[in-house]
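# Per-entry structural report
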Amino acid sequence: MLLSRVRGSLVAAVVADCIGAKFEFSRFVNIDKVLNAVKKLEQNRTTMKKKVAEGKKEKQGDVLSFTDDTAMARSIAASLIEHKDVNVRDIGARFAKEFEKEPSRGYGGSVITVLRALADQDLEDVFQPAREQFDGSGSYGNGGGMRIAPLGLFCHQLPLQELKEKTVSVTKLTHTHPYAIVGTLLESYAVHLALSLDNSKPLDTDNFLGQLLERLRPTEKEIYDQRRQMKSKEKNSGDESEEEGIEGLPYCNKVELIRDFLKRDVDSKEVRKKLGTKVTALDSIPTAVYCFLRGASQSIPGTEERGPVEQTIIYAISLGGDTDTVATMAAAISGAFYGLESVPQAWQESCEGVRDALLFGEKLTEIISAREVKS
Ligand SMILES: [Mg+2]
């Protein structure tokens, strides 16, 4: 059912962010450590419920907090629900307001400058603050990808061209480097694709990668070509800014590498080295796609008795690095395929923001369904 899958994507993303946040940038993470953490969380819930059933008064129990990833995704979801379309000015204003309200959610240093600028309601060009970052080359962090899932869901059954244009404009509010844009597109394409596939049979990972590449290849080329044209225009007008050259199609190459990884037993070290777990988009967003597919093929040692969404989240966090963001992106794709029922109840009850995610999921589904009836 569509409702379960839209909610599944949003809720899985929130719990992955909350659980992953505990491990962010810690140097020694592994499957066992993550498994211990989730088992503890599950035991706490069981104990709490038992006490309540025995009539003992029990507090809510510990609730894990979400980070900037969820804070920004919520802004996008809320804006899409209110405007029933992408309204970049409104999304930018919501990002700024959210940051102002709760600045300690773990926002990256450079995006803070942009968020402060976006708070200015008289700002003529909302893309300007992001464009001016890093001497005009823009950020290539993963901040576009970590928050884009609600848009991938919102665009269900809309033409790909629309998904592409909307994703690019939402990304450019904070990230204008082509690597950030293509990475965000990879994530929104993956969420959108996962939601559209028949989930009554096991996921065909090879087919998923094939369809993803079919979408990504022309897009990646187009985004880099546009950038080159823009830069050569600037050069002619004497307004050139320094930029390292972009060669080939690095995202497509990484997606090809995922295909190879799925065919053999790859250890975490190789995944970290070749796909990456950093804050840069190119070194984290393809990794999220891999974590989704690896969880879907149920090949993560020590997690055999768990479902694919759980496996994906546990595995993504176990890689270390930017754990909350890689996990949240992977979970958003996985939840869109497997649905809400595959996110353990104990996890849902232990994480902040799940109730809102359920509500956002319901409203987004209403919008998508109304559109389907019309067409
Ligand atoms: Mg974060």
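Look a little higher up for the structure.
What you see is a predicted model, and the numbers here were worked out from it, not measured in a lab.

With 16 residues, helix α16 (residues 323-338) should cover 22 Å at 1.5 Å per step; its first-to-last C-alpha distance of 21 Å lies within 8% of that length. Burial analysis of α16 places 15 of its 16 residues in the buried class, the great majority of the element. Residue Gly339 follows α16 closely and has a positive phi angle near 85°.

A word on the coordination of the magnesium ion. Surrounding the magnesium ion are the protein donor atoms Thr67 (OG1), Asp68 (OD), Asp69 (OD) and Asp324 (OD), which sit 2.2 to 2.5 Å from the metal. Going along the chain, you hit the donors of the magnesium ion in the pattern T-D-D-x254-D. Given the relative accessible area of 9%, Asp68 is considered buried. By relative accessible area, which is 1% here, Asp69 ends up buried.

Quick look at the state of the cysteines now. By the definition in use, this model includes zero disulfides. Here Cys351 is not disulfide-linked; the sulfur of Cys18 is the nearest cysteine sulfur, at 4.2 Å. Take Cys351: its relative accessible area is 6%, and that puts it in the buried class.

Another point: empty space enclosed by the protein. Throughout the structure, instances matching the rule amount to one cavity of 30 Å³ or more. Taken as a whole, the largest cavity holds about 170 Å³ of empty space. Lining the largest cavity are 20 residues, and of these Leu10, Ala13, Val14, Ala73 and Pro150 sit closest to its centre. When contributions to the lining of the largest cavity are tallied by element, the ones reaching two or more residues are α1 (2-21), α3 (68-83), α8 (149-154), α16 and α18 (354-374). Grouping the constituent residues of the lining of the largest cavity by class yields 13 nonpolar, three polar and four charged.

What counts and what doesn't
Residues numbered from 1 in each chain as written. Predicted model: local features only at pLDDT ≥ 70, side-chain atom pairs only at ≥ 80, totals over all residues. Heavy atoms only, no water. Helix = DSSP H or I, 4+ residues; strand = E, 2+ residues; numbered from the N terminus. Expected span 1.5 Å × (residues − 1). Buried < 20%, exposed > 50% of the residue type's maximum accessible area, 1.4 Å probe, protein only. Donors = N, O, S within 2.8 Å, 3.2 Å for Na, K, Ca; no water. Disulfide = S-S within 2.5 Å. 1 Å grid on protein atoms, 1.4 Å probe; cavity = no way out; pocket = protein on both sides within 12 Å on 5 of 7 lines; lining within 4 Å. Points joined across faces, edges and corners; volume = space filled by probe spheres on them. Nonpolar A, V, L, I, M, F, W, Y, C, P; charged D, E, K, R; others polar.

Read these as geometric descriptors, not functional statements.
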